[in-house]
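# Working through the structure, step by step
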Amino acid sequence: MDRAACERLDRACPLAPLRERFSLPEGVLYFNGNSLGALPKTAAADIDRVVREEWGQGLVESWLDADWFFLPRKAGDAIAPLIGASAGEVIVADSTSVNLFKLAASLLRHGKRRRRIVTERGNFPTDVYILEGLVDLFDERFELVLAEPATIAGSIDDDTALVLLTHVNFRTGAMHDMAAITAHCRAHRVPVIWDLSHSAGAVPLALNRWGVEYAVGCTYKFLNGGPGAPAYIYLARDVIPAHRPVVTGWFSHANQFGFEDSYRPTDSLEKCLVGTPPILSLRAVLHGVACFAGVEIDDVVRKSRGLSGLLIRLVDERLARHGFVLASPREPEGRGSQVSFRHPEGYAVSRALRAAGVVTDFRSPDILRFGIAPLYIRHVDVWDAVDALVQVMATESWRAYAAAPPDPVT
Ligand SMILES: *Cc1c(COP(=O)(O)O)cnc(C)c1O
């Protein structure tokens, strides 16, 4: 394998033209699309139009004239095919953290009289913190179980009130078998919420086919929705009628503009809304998701696995003696669209790579992460990034960052 071979792979890649849909800075190799997706070229002009024309000229009438009022549903319907859901099952609202709270609180409040809440040790912190907050809110009626990844199925039984799992682990990229765990939970009549933040737009997802009833996810990672873009909630069609929201705002009322004195939930998925949606960010979400237009998710997955396999192979070949240990599963089917390596100087190495124009990130305590966004990363980018990493190690340029206190954002 050499750089010319990578160029040949790029010429043969059916997704190569998609890179043109993004506005990417010159001279930067961007391996953080799993943290903040790149800017879709169409987004900036449209946001400008929303601000100057729809807000500036249309004012309050834009709620209807520019369809602002229907944007949460419209954005949800655009996301649905990427996660194997149907129209009317996905709605965009609030943040992933808040949506986790909304769903989990409702399922615990209205669920069976059971005691245990199961999640995974090493889950994304916000997921665990939200559950800890709920245990406190429900006055310790529930007990939180942090299961080891390998023992999750065994931790779920007839005393489990709720399971909350993240499909792809943010540190290692390890991916759960969502179909099998969901079937196991349903056999014990336990509701399970899946967090798709590191999955949507990058790995195969078939929520309807796998019998998934509840999910949330983030739109600013592989879906390119922009910084702080609102998140989504998925409820399977079958569970929408019985779902009872506990955060009951006016946007989920059965008769919102009747301004009734008391709350009544609407029948549709809009019952998951709470308050006024962030229109500027929602419009950006439409552009982020539109970057997948005409794209087969199978091609995305194939390219993701090709790129991450290439990265693993090149690091094995060229950097093994520098102490990088693969933290991600080696088999592509068990991995999300990222490759992580453990290294004792992971933080300093990630800063030195940035100084060399390669954007990766660091996750405590020792993980150097490469996010693989298949819509805009090329095989030559992987080659060049590994080249840069070889340079960082050979010249020991990471030493300049080793003593400094870490940045507030890593
Ligand atoms: C990124 C991410 C989130 C983000 O939550 P916010 O509320 O948007 O900050 C939540 N869960 C997981 C698993 C994530 O990877």
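From a predicted model like this one, the values you see are computed outputs, not experimental measurements.

If you tally the helices and strands in the protein chain, you get 13 helices and 15 strands. Computed over C-alpha atoms, the radius of gyration of the protein chain comes to 22 Å, within 12% of the 22 Å expected from 2.2 N^0.38 for 410 residues, which places it in the range of a compact globule. For the C-alpha atoms alone, the extent of the protein chain along its principal axes is close to 70 × 55 × 40 Å. With 410 residues in all, the protein chain has 53% of them scored as buried. Residue pairs at least 24 apart in sequence account for 73% of intrachain contacts in the protein chain once pairs closer than 6 positions are excluded. The centroid of the 44 positive side-chain charges in the protein chain is displaced by 2 Å from the centroid of its 49 negative side-chain charges.

Another point: the pattern of salt bridges. Counted according to the given criterion, the structure contains 24 salt bridges. Linking Glu213 and Arg186 is a salt bridge whose minimum nitrogen-to-oxygen distance equals 3.5 Å. Placement of Glu213 in the loop between strand S8 (192–195) and strand S9 (214–217) and of Arg186 in helix H8 (residues 178–187) is noted, with a sequence separation of 27 residues between them. A relative accessible area of 19% places Glu213 in the buried class. Among the residues examined, Arg186 registers a relative accessible area of 41% and is labelled partly exposed. Residues Arg313 and Glu317 are paired through a salt bridge, measuring 3.3 Å at the closest nitrogen-oxygen approach. Of this pair, Arg313 and Glu317 both sit in helix H10 (residues 297–319), 4 residues apart, which is roughly one turn of that helix. On the accessibility criterion, Arg313 (39% relative accessible area) is partly exposed.

The next thing to look at is the sheet that holds strand S15 (residues 367–371). Ordered in space as S11-S12-S15-S14, the 4 strands form an open sheet in which the pairing is antiparallel. Two strands lie at the open edges of the sheet, namely strand S11 (325–326) and strand S14 (361–363), each paired on one side alone. Pairing of S11 with strand S12 (residues 338–342), which is carried by 2 bridges, proceeds in the antiparallel orientation. Counterpart to Leu326 in the pairing with S12 is Phe341.

Turning to the packing of helix H5 (residues 96–109) against helix H6 (residues 125–137), a few remarks are in order. At a minimum axis separation of 10 Å, H5 and H6 run at an interaxial angle of 40 degrees. By the angle between their directions, the pair H5 and H6 is classed as oblique. As H5 packs across H6, the resulting crossing turns out to be right-handed. Facing Ser97, Leu100, Phe101, Ala104, Ala105 and Leu108 of H5, the residues of H6 in contact are Thr126, Asp127, Ile130, Leu131, Leu134 and Leu137. Here the contact of H5 with H6 is built from residues that sort into 9 nonpolar, 2 polar and 1 charged.

This part is about the environment of Ile83. One can find Ile83 in helix H4 (residues 71–83). Each C-alpha atom of the pair Ile83 and Leu196 lies 8.8 Å from the other, and the pair is 113 residues apart in sequence. The contact partners of Ile83, leaving out residues within four places of it in the chain, are Val90, Leu196, Ala200, Leu205, Ala206, Leu207, Tyr232 and Tyr234.

Taken together, Ser95, Thr96, Ser97, Phe124, Thr126, Asp127, Thr166, Asp195, Ser197, His198, Tyr220 and Lys221 make up the full set of residues near the ligand. Within the side chain of Tyr220, an N or O atom sits 2.8 Å from an oxygen atom of the ligand. Computed on the free molecule, the ligand has an accessible area of 390 Å², of which 87% lies beneath the protein chains in the complex. Among the secondary structure elements, those contributing two or more residues to the shell around the ligand are H5 and H6. Considered class by class, the residues forming the shell around the ligand number 2 nonpolar, 7 polar and 3 charged.

The subject of this paragraph is the pairing of S15. Side-chain positions along a regular strand alternate between the two faces of the sheet. Most of S15 is tucked away: 5 of the 5 residues are buried. Residues Ile367, Arg369 and Gly371 point to one face of S15 and Leu368 and Phe370 to the other, with burial holding for every one of them. Two strands pair when backbone bridges link them, and S12 and S15 are joined in this way by 5 bridges, in the antiparallel orientation. Its bridge partner lying in S15, Phe341 is registered against Leu368. Where S14 meets S15, 3 bridges bridge the pair, whose relative direction is antiparallel. Paired with Arg363 across the two strands is Ile367, which belongs to S15. Counting the residues that bridge the hairpin from S14 to S15 gives 3 residues.

Now for the packing of helix H1 (residues 3–12) against helix H12 (residues 379–395). Two elements in contact, H1 and H12, have axes separated by 7 Å at closest approach and are oriented at 155 degrees. In terms of axis orientation, H1 runs roughly antiparallel to H12. Counted together, Arg3, Cys6, Glu7, Leu9 and Asp10 of H1 and His379, Val380, Trp383 and Asp384 of H12 form the full contact between these two elements. Of the residues belonging to the contact of H1 with H12, the class tally is 4 nonpolar, 1 polar and 4 charged.

Definitions and cut-offs
Residues numbered from 1 in each chain as written. Predicted model: local features only at pLDDT ≥ 70, side-chain atom pairs only at ≥ 80, totals over all residues. Heavy atoms only, no water. Helix = DSSP H or I, 4+ residues; strand = E, 2+ residues; numbered from the N terminus. Rg over C-alpha atoms; globule rule 2.2 N^0.38 Å. Buried < 20%, exposed > 50% of the residue type's maximum accessible area, 1.4 Å probe, protein only. Contact = heavy atoms within 4.5 Å. Lys, Arg positive; Asp, Glu negative; His and termini not counted. Charge placed at Lys NZ, Arg CZ, Asp CG, Glu CD. Salt bridge = Lys/Arg side-chain N within 4 Å of Asp/Glu carboxyl O. Pairing = 2+ DSSP bridges. Axes fitted to C-alpha atoms, helices over the stretch in contact; angles between N-to-C directions. Parallel < 35°, antiparallel > 145°, perpendicular 65-115°, else oblique. Left-handed = near helix turned anticlockwise from the far one by under 90°. Nonpolar A, V, L, I, M, F, W, Y, C, P; charged D, E, K, R; others polar. Near = heavy atom within 4 Å. Polar contact = N/O pair within 3.5 Å; in protein donor to acceptor, adjacent residues only side chain to side chain. Areas by Shrake-Rupley, 256 points an atom, 1.4 Å probe, with all protein chains shown as cover.

Such coordinate-based values are descriptive only and should not be taken to indicate function.
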